[in-house]
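Below, each chain spelled out in residue letters.
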Amino acid sequence: MSDLSETLAAAFAEATDEEIAQTAAENIADFAEEYDEDLTSDRVTDLLADAPYDDFGRRFNWVIGELAAENEDCTDSRAFRIDGFGELAADPDIGT
């Protein structure tokens, strides 16, 4: 586990259960590894505090969307959301 994911898992645990906090922290670490190596836990927690929702899952998904919007290389942030692509999404491996 990276320092980023450890720090965020602890921060997220204050807002949700441990399993969701761990998943969310790992998703952020994966996003950072793939798109934004300079991403900090402070940036993530600041965005989370500014999110316009009450539910942690919705706030987290909003944060992922904001991070993706700031990064022109990330054209699809769904893989990093709490529930991933979701059951109604098309299979991301088809057509690649």
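Note that the structure is a prediction, hence the values are computed from the model and not measured.

### A closer look at the overall build of the protein
Alright, step 1. Within the protein one finds four helices and zero strands.
Alright, step 2. Taken from the N to the C terminus, the helices and strands of the protein come in the order α-α-α-α.
Alright, step 3. Sorting the 96 residues of the protein into buried and exposed places 35% on the buried side.
Alright, step 4. Considering only residue pairs separated by 6 or more positions, the protein has 49% of its internal contacts joining residues 24 or more positions apart.
Alright, step 5. By element, 40% of the accessible surface of the protein is carried by carbon and sulfur atoms, the whole surface being about 6,100 Å².

### Structural notes on the pattern of salt bridges
Alright, step 1. In the structure shown here, the tally under the stated rule is two salt bridges.
Alright, step 2. A salt bridge links glutamate 70 to arginine 43; the shortest N-O distance between them is 2.2 Å. Taken together, the positions of glutamate 70 in the segment after α4 (56-69) and arginine 43 in helix α3 (residues 41-50) put the pair 27 residues apart, joining distant regions of the chain.
Alright, step 3. By relative accessible area, glutamate 70 is classed as partly exposed at 48%.
Alright, step 4. A salt bridge links aspartate 76 to arginine 78; the shortest N-O distance between them is 2.6 Å.
Alright, step 5. Here aspartate 76 falls in the partly exposed class, since its relative accessible area comes to 28%.
Alright, step 6. With a relative accessible area of 27%, arginine 78 lands in the partly exposed category.

### Looking at helix α1 (residues 3-13)
Alright, step 1. Those residues of α1 lying buried are Leu4, Ser5, Leu8, Ala9 and Phe12. Viewed end-on, α1 has its buried residues packed into an arc of 125°, placing them on one side of the element.
Alright, step 2. The elements touched by buried residues of α1 are α2 (18-35), α3 and α4.

### Looking at the nonpolar core
Nonpolar side chains in soluble globular proteins generally cluster together in the buried interior.
Alright, step 1. Grouped together as the largest cluster of nonpolar side chains are 23 residues, with contacts concentrated most on Phe12, Ile28, Val44, Phe60 and Leu67.
Alright, step 2. Put simply, the parts of the chain that give this core at least two residues each are α1, α2, α3 and α4.
Alright, step 3. Excluding anything up to four places from it in sequence, isoleucine 28 contacts Leu4, Leu8, Phe12, Leu39, Val44, Phe60, Ile64 and Leu67.

### Some thoughts on the side chain of serine 77
Alright, step 1. Relative to the assigned elements, serine 77 resides in the segment after α4.
Alright, step 2. A relative accessible area of 10% means that serine 77 is categorised as buried.
Alright, step 3. Serine 77 has contacts with Ile64, Gly65 and Ala68, leaving out every residue within four places of it along the chain.

Thresholds, definitions, all that
Residues numbered from 1 in each chain as written. Predicted model: local features only at pLDDT ≥ 70, side-chain atom pairs only at ≥ 80, totals over all residues. Heavy atoms only, no water. Helix = DSSP H or I, 4+ residues; strand = E, 2+ residues; numbered from the N terminus. Buried < 20%, exposed > 50% of the residue type's maximum accessible area, 1.4 Å probe, protein only. Contact = heavy atoms within 4.5 Å. Areas by Shrake-Rupley, 256 points an atom, 1.4 Å probe, with all protein chains shown as cover. Salt bridge = Lys/Arg side-chain N within 4 Å of Asp/Glu carboxyl O. Arc of directions from axis to C-beta. Core = buried A, V, L, I, M, F, W, Y, C linked by side-chain atoms within 4.5 Å.

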